[in-house]
Amino acid sequence: MSDADEVTTDDLAAGQPMVEFDGVDKFFGSAHVLKDIDLAVEEQEVVVVVGPSGSGKSTLLRCVNRLEEIQDGEVRIGGEAITAPGVDVNRLRQKVGMVFQHFNLFPHKTALQNVTLAPVRVRGLSEAAARQRGEDLLGEVGLGDQLDSFPAELSGGQKQRVAIARALAMDPDVMLFDEVTSALDPELVGEVLGVMRGLAEEGMTMLVVTHEMGFAREVGDRVVLMSEGRIVEEGPPDEFFDHPETDRAKKFLQRVL
């Protein structure tokens, strides 16, 4: 792919939210898992989605890059509908980095190879440019000394930091994080949250699903509570945690805090 073919933020509609859900419904068979979702994530905003298991949080995230298909409504990235007929999904997906709960690294490739694969194959970067970018990113997440290590040789926290570097290697406009610390031993959680905190401080637009309430309060610009497929409350962290408005939010916070 040539530079002229690459998508830039300027290609996206000016002044539009980076991610927008407009009346989104999602079904798994007869199960209605997302119900009339309206949500906007502005550029450089960190929106943290919380809620009980089974409330639709991860499904919401997976609809952003069409890992899940919706049945009604629209999902837009930078003002462009990713759910529109005929849209170039792969082009829009390049602007969305996603980090999963279970890393999803290639076990037969080193940390550096995991990070450089997509930039070379998808964006058409040269091997040399991708390697330099990969080394820089792994250094930034504290793994500059693990470039040639295979996933089996890394701790869970190190694997997750490789996964974050891999997503960042595509220079996304928005990063999605789906319960990225829930599979980690408690002592490893902090190193991953520290990387995410640094990204937020650098102005990365982020949509984060997490059970880490401390992270939600300290790093989030807005907290969204989901329950039974609906958004039941949202607001700035201080208001959400200290002055919840709905009974559902009050019960949730009593249970998790």
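Residues numbered from 1 in each chain as written. Predicted model: local features only at pLDDT ≥ 70, side-chain atom pairs only at ≥ 80, totals over all residues. Heavy atoms only, no water.

Draft legend 1. Highlighting the UniProt feature "domain: ABC transporter" (unreviewed entry) in the protein. According to UniProt, the positions carrying the feature "domain: ABC transporter" (unreviewed entry) are residues 19-253. A helix fraction of 37% and a strand fraction of 26% characterise residues 19-253, whose end C-alpha atoms lie 27 Å from each other. (UniProt positions renumbered as here; feature names shortened; annotations may be inferred. Helix = DSSP H or I, 4+ residues; strand = E, 2+ residues; numbered from the N terminus.)

Draft legend 2. Local environment of the packing of helix α3 (residues 111-121) against helix α5 (residues 156-168). For the pair α3 and α5, the least separation of the axes is 8 Å and the interaxial angle reads 25°. It follows that α3 is roughly parallel to α5 by the angle criterion. The two elements α3 and α5 cross, and the hand of that crossing is right-handed. Contacts between α3 and α5 involve Ala111, Asn114 and Val115 from the first element and Val162, Ala165 and Arg166 from the second. Per-class residue counts for the contact of α3 with α5 are four nonpolar, one polar and one charged. (Axes fitted to C-alpha atoms, helices over the stretch in contact; angles between N-to-C directions. Parallel < 35°, antiparallel > 145°, perpendicular 65-115°, else oblique. Left-handed = near helix turned anticlockwise from the far one by under 90°. Contact = heavy atoms within 4.5 Å. Nonpolar A, V, L, I, M, F, W, Y, C, P; charged D, E, K, R; others polar.)

Draft legend 3. Examining the pairing of strand β4 (residues 72-77) more closely. As judged from the five bridges shared by strand β1 (residues 19-28) and β4, these two strands associate in the antiparallel manner. Residue pairing across strands places Val19 opposite Ile77, the latter belonging to β4. Counted between consecutive antiparallel strands, the loop separating β4 from strand β5 (residues 80-81) contains two residues, among which Gly78 sits at a positive phi close to 55°. (Pairing = 2+ DSSP bridges.)

Draft legend 4. Representation of the packing of aromatic side chains in the model. In total, this model carries one aromatic pair according to the counting rule given. With a centroid separation of 5.2 Å and an interplanar angle of 85°, the aromatic rings of Phe240 and Phe241 are classed as edge-to-face. The exposure class of Phe240 is buried, given its relative accessible area of 1%. The exposure class of Phe241 is buried, given its relative accessible area of 8%. (Phe/Tyr/Trp six-rings, centres within 6.5 Å; stacked < 30°, edge-to-face > 60°. Buried < 20%, exposed > 50% of the residue type's maximum accessible area, 1.4 Å probe, protein only.)

Draft legend 5. Summary view of the environment of Leu257. Position of Leu257 among the secondary structure elements: in the segment after α9 (247-256). Overall, Leu257 belongs to the exposed group, its relative accessible area being 59%. Through-space distance from the C-alpha of Leu257 to that of Gly51 is 13 Å; in sequence the pair is 206 residues apart. Not counting residues within four places of it along the chain, the set of residues in contact with Leu257 comprises Met213 and Phe241.

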